[in-house]
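Summary of the model geometry
Take a look at the letters that make up each chain.
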Amino acid sequence: MPFGARKNIGLLLGIIISIIGLLGIFFKIPLTIDILAWILALGGLYLIVESITEFGAQRALGLLVAFVVLIVASMPILNQLGIIGFSIGINLLFYHILLTIEGIFLVINAFGT
């Protein structure tokens with residue numbers, strides 16, 4: 001079991017995000033791209049915080065996944081806020097796959113150093 005509040009929050013958040021992603025992959029759940037983008041972005045920010053404290057390849061992979069997730073999730077959010085006038089047309093399945101990957105990395109980082 002991970003120790004410390006940050007690791008426990010990361011573990012809980014990773015499990016919840018993974019469940020949302022897996023439910024979206026296998027079953028149709030009524031979440032829009034806007035909601036999924038906000039979940040992805042907030043999880044990506046927390047994954048950056050978790051990954052900074054890690055060492056070696058786990059740190060590099062965690063930061064890479066977090067930045068890719070933030071880039072993909074920021075486009076619909078910025079379009080929703082009216083900052084940019086375009087949005088990338090990505091299928092909901094892709095967002096659910098990203099949610100699952102992000103959740104897995106949050107769980108892995110919860111058991112790291």
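Before reading further, recall that the structure is shown in the block above.
Residues numbered from 1 in each chain as written. Predicted model: local features only at pLDDT ≥ 70, side-chain atom pairs only at ≥ 80, totals over all residues. Heavy atoms only, no water.

1. Things to note about the nonpolar core
Considering soluble globular proteins, one finds that nonpolar side chains tend to be buried as a cluster. Counting residues in each nonpolar core, the largest one holds 21 residues, and the members touching the most others are Leu-40 and Leu-47. Within the residue set of this core, elements represented by two or more residues are helix 2 (33-52), helix 3 (56-80) and helix 4 (92-110). Excluding its chain neighbours within four sequence positions, the residues that come into contact with Leu-47 are Gly-62, Val-65, Ala-66, Glu-102, Phe-105, Leu-106 and Asn-109. (Core = buried A, V, L, I, M, F, W, Y, C linked by side-chain atoms within 4.5 Å. Buried < 20%, exposed > 50% of the residue type's maximum accessible area, 1.4 Å probe, protein only. Helix = DSSP H or I, 4+ residues; strand = E, 2+ residues; numbered from the N terminus. Contact = heavy atoms within 4.5 Å.)

2. Some details on the packing of helix 1 (residues 5-26) against helix 2
Axis separation between helix 1 and helix 2 bottoms out at 11 Å; the angle between their running directions is 145 degrees. When the axes of helix 1 and helix 2 are compared, the crossing they make is left-handed. Touching Arg-6, Lys-7, Ile-9, Gly-10, Leu-13, Ile-17 and Ile-20 of helix 1 are Ile-39, Gly-43, Tyr-46, Val-49 and Glu-50, all from helix 2. Of the residues that constitute the contact of helix 1 with helix 2, the class distribution is 7 nonpolar, 2 polar and 3 charged. (Axes fitted to C-alpha atoms, helices over the stretch in contact; angles between N-to-C directions. Left-handed = near helix turned anticlockwise from the far one by under 90°. Nonpolar A, V, L, I, M, F, W, Y, C, P; charged D, E, K, R; others polar.)

3. Describing the packing of helix 3 against helix 4
As a packed pair, helix 3 and helix 4 sit with axes 10 Å apart at the nearest point and diverge in direction by 150 degrees. Crossing of helix 3 against helix 4: the hand is left-handed. Contacts from Gln-58, Leu-61, Gly-62, Val-65, Val-69, Val-72 and Pro-76 of helix 3 reach helix 4 at Phe-94, Tyr-95, Leu-98, Ile-101, Glu-102, Phe-105, Ile-108 and Asn-109. For the contact of helix 3 with helix 4, the class distribution of residues is 11 nonpolar, 3 polar and 1 charged.

4. Focus on the environment of Ala-66
Of note, Ala-66 is situated in helix 3. On the accessibility criterion, Ala-66 (0% relative accessible area) is buried. Taking C-alpha positions, Ala-66 is 9.2 Å from Leu-40, a pair spaced 26 residues apart along the chain. Contacts of Ala-66, omitting those with residues within four sequence positions, involve Gly-44, Leu-47 and Ile-48.

From the geometry alone we can't say anything about function, so treat these as descriptive.
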